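What the coordinates show
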Amino acid sequence: MLSVAVVGSGPSGVYTAQALLQQSLVPDVRVHVLDRLPTPYGLVRYGVAPDHEKIKSLQNSLRAVLEDERVTFVGNVGVGGADGVSPARLAELYHAVVYCVGASADRALAVPGENLPGSYSATRFVSWYSAHPDIGADPFARDALGARSAVVIGVGNVAVDVARILARGAGELRRTDVPRGALRALEESRVREVHIVGRRGPSQARFTTKELRELGALPGARVVVDPVELALDPAYAAPDDLPGALPLPAVVRRNLEVLRGWSAGSGAGAAGAVPGGAGGAPGPAADAGRRIRIRFFLRPVELLERGGRVAGVRFARTAPDGAGGVRDTGRYEDVAAQLVLRAVGYRGVELPGLPFDPVNGTVPHAAGRVLRGGVPSPGEYVAGWIKRGPTGVIGSNRSCAKETVASLLADAAALTRRTAAGDPLAVLREWGLRPVEWTGWLSIERAEAELGRSLGRGPVKIPDWAGLLAAAWDENR
Ligand SMILES: Cc1cc2nc3c(=O)[nH]c(=O)nc-3n(C[C@H](O)[C@H](O)[C@H](O)COP(=O)(O)OP(=O)(O)OC[C@H]3O[C@@H](n4cnc5c(N)ncnc54)[C@H](O)[C@@H]3O)c2cc1C
Ligand SMILES: NC(=O)c1ccc[n+]([C@@H]2O[C@H](COP(=O)([O-])OP(=O)(O)OC[C@H]3O[C@@H](n4cnc5c(N)ncnc54)[C@H](OP(=O)(O)O)[C@@H]3O)[C@@H](O)[C@H]2O)c1
């Protein structure tokens, strides 16, 4: 029998468990999927936007894996933290441990004013509307959404997600599982302008076309793109030749077509009424709805302050350098904003007791085998964002997990020579931990359904540790 602990119940953890179940080299396999949270699914629960119901429903296929009789969900057990279990002790309990802990921190922008009140990482904003229990007090409800103008820095899919949530009417979010506090704050939000700003050009933007198009489909919001900024991009220089004439990746070509459509609607060459206004294309002054302005070739250099809070962002105007990068032009533009969300990527966090590469924010590995001092460490593996870095959609983690499991299975004969602990759960309890098992998670689900019913909504997420644990341990539910 091969006994494996998977640390992390996000996509990479669950796909690792699935790959272990689906192989035939070692028929008798037992998998414990541990998570520091009492809830499974990682960023599928706490990252994927609430209005992306179809992607959220991937939870159903992850659930089928966690409900397999050979798999045990072990929530509320952190690994490597002060209150958790160390990697060395965990290794005593299983033949192999696969770390699938994701990349939960935000990348720093490293400009003056980054931490002014009113400036937040998108990571924090996402955690808030997703009801992550670590978010604690509700910063966005109190003041941030009193802003009229918001700047989102970065042009990846997370930037598009947070801009969409800011620009979408909260009424539409009522049908989702958004927690009460976030829904109330979004209902009261005064945000009218959302600027999404890239430091390079539209052909280097990281968002995907489906996500980009959604911005144009938001009721009550209008997307504004400056044709002058698009035209700075060499890939856009001959827009009439698109599509097909340029050797562009299909996603870039599709993105450019969508942006070009919006820029045409924005009124070519319109005078700049954008704060600090160098060439933005404003909509009619009487437009009472929300506006999403997608901007390019603006590199953030400083967050501006007034009265102790963020008041705007100073950008250096950039221009293409001919090699996919940009150079500064010596010109600057200030965009007024009382809320700034920095969506410039996630970052892996060092797990005490595991090797860590601080430059890439990943665990060093060879085909998923954790490297200690450059040498594979027997029985230790890694998969998902903590292995590859914080890029890739949910499906990317499936092939990543398969590679890791192939390495693990190749080592299985050596690993199973050692006797693993009889009942790791009993040992974890002896060590003072209080796991939330699958029945506890089902109890949380029922509590969220009950909460939703009491509010005339579908299931509504419980946003705090105390509430989640009380629900998990409520025997009578
Ligand atoms: C905001 C956002 C939105 C996204 N939306 C989409 C989308 O719509 N579609 C799409 O295809 N992809 C989307 N992605 C990408 C997708 O979420 C990732 O590819 C995927 O979640 C990465 O999987 P993972 O298992 O490596 O990490 P995670 O999903 O982060 O899972 C890591 C798990 O490990 C647990 N953990 C962490 N540390 C410890 C510890 N020390 N001990 C025990 N457990 C621990 C965490 O609690 C978590 O459950 C999105 C990403 C983000 C950031
Ligand atoms: N719906 C979905 O499918 C969905 C939703 C959300 C997330 N995801 C996935 O999750 C992964 C992470 O997404 P992400 O948006 O966090 O990361 P990302 O795709 O890497 O985008 C990060 C953005 O931040 C910019 N940036 C980085 N450093 C910067 C700086 N110092 N100043 C200004 N801009 C800076 C990048 O610009 P440069 O290119 O110039 O570096 C890029 O535009 C991606 O693979 C994404 O596709 C998918």
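Below: a short report on this structure. (Residues numbered from 1 in each chain as written. Chains lettered and ligands numbered in written order. Predicted model: local features only at pLDDT ≥ 70, side-chain atom pairs only at ≥ 80, totals over all residues. Heavy atoms only, no water.)

**Quick look at the packing of helix α17 (residues 438–454) against helix α18 (residues 465–472)**
The condition is simple: All axes here are fitted lines through C-alpha atoms, helices being fitted over the stretch that makes contact, and every angle between N-to-C directions spans 0 to 180 degrees. Helix and strand assignments come from DSSP, with helices taken as H or I runs of at least 4 residues and strands as E runs of at least 2, each series counted from the N terminus. Each angle gets one of four labels, with under 35 degrees taken as roughly parallel, over 145 as roughly antiparallel, 65 to 115 as roughly perpendicular, and the rest as oblique. Take the far helix as your reference; a near helix turned counterclockwise from it by less than a right angle gives a left-handed crossing, and one turned clockwise gives a right-handed crossing. Two residues qualify as a contact provided that any one of their heavy atoms is within 4.5 Å of a heavy atom in the partner residue. All residues other than Ala, Val, Leu, Ile, Met, Phe, Trp, Tyr, Cys, Pro, Asp, Glu, Lys and Arg, Gly among them, are scored as polar; the first ten of these are nonpolar and the last four charged.
Two numbers describe how α17 lies on α18: the axes approach to 7 Å, and their chain directions differ by 115°. Judged by the angle between their axes, α17 and α18 are roughly perpendicular. For the crossing formed where α17 meets α18, the hand is right-handed. In this structure, α17 uses Gly-440, Ser-443, Ile-444, Ala-447 and Glu-448 to contact α18, whose residues at the interface are Leu-468, Ala-471 and Ala-472. Residues of the contact of α17 with α18, tallied by class, amount to five nonpolar, two polar and one charged.

**A word on the site of ligand 1**
Just so we agree on the cut-off: Residues are labelled near a given molecule or strand when at least one of their non-hydrogen atoms is within 4 Å of it. For the purposes of these results, a polar contact is taken to be a pair of N or O atoms within 3.5 Å, where, inside protein, one atom must be able to donate a hydrogen and its partner to accept one; residues adjacent in sequence count only when each atom of the pair is a side-chain atom. Computed by Shrake-Rupley with a 1.4 Å probe, the accessible areas treat only the displayed protein chains as cover when residues are assessed. Where each domain starts and ends follows an automatic or database-derived domain assignment.
Neighbouring ligand 1 are 32 residues, the closest being Ser-12, Asp-35, Val-79, Gly-392 and Ile-394. Here a nitrogen atom of ligand 1 sits 3.1 Å away from a polar atom, N or O, in the main chain of Arg-36. Ile-394 places a polar main-chain atom, nitrogen or oxygen, 2.9 Å from an oxygen atom of ligand 1. Relative to its unbound accessible surface of 1000 Å², ligand 1 loses 89% to contact with the protein. At the level of secondary structure, the elements contributing two or more residues to the shell around ligand 1 comprise α1 (11–22) and α8 (157–167). Residues of the shell around ligand 1, tallied by class, amount to 17 nonpolar, twelve polar and three charged. Composition of the shell around ligand 1 by domain shows at least three residues from each of domain 1 (2–104 + 348–436) and domain 2 (107–342).

**Structural notes on the pattern of salt bridges**
Threshold: Any carboxyl oxygen of Asp or Glu that lies within 4 Å of a side-chain nitrogen of Lys or Arg is treated as forming a salt bridge with it. Exposure is judged per residue with a 1.4 Å probe applied to protein chains only, and the accessible area is read against the type maximum: over 50% gives exposed, under 20% gives buried, and values in between give partly exposed.
Inspection of every chain in the model, using the stated rule, returns 27 salt bridges. One salt bridge in this structure joins Glu-53 and Arg-175, with 2.4 Å as the shortest N-O distance. Of this pair, Glu-53 sits in helix α3 (residues 53–56) while Arg-175 sits in the loop between α9 (170–173) and α10 (180–188); the two residues are 122 residues apart in sequence, bridging distant segments of the chain. A relative accessible area of 36% places Glu-53 in the partly exposed class. Between Glu-333 and Arg-295 there is a salt bridge, with its nearest N and O atoms 3.0 Å apart. Taken as a pair, Glu-333 in strand β13 (residues 326–336) and Arg-295 in strand β10 (residues 290–295) lie far apart in primary sequence, 38 residues in all.

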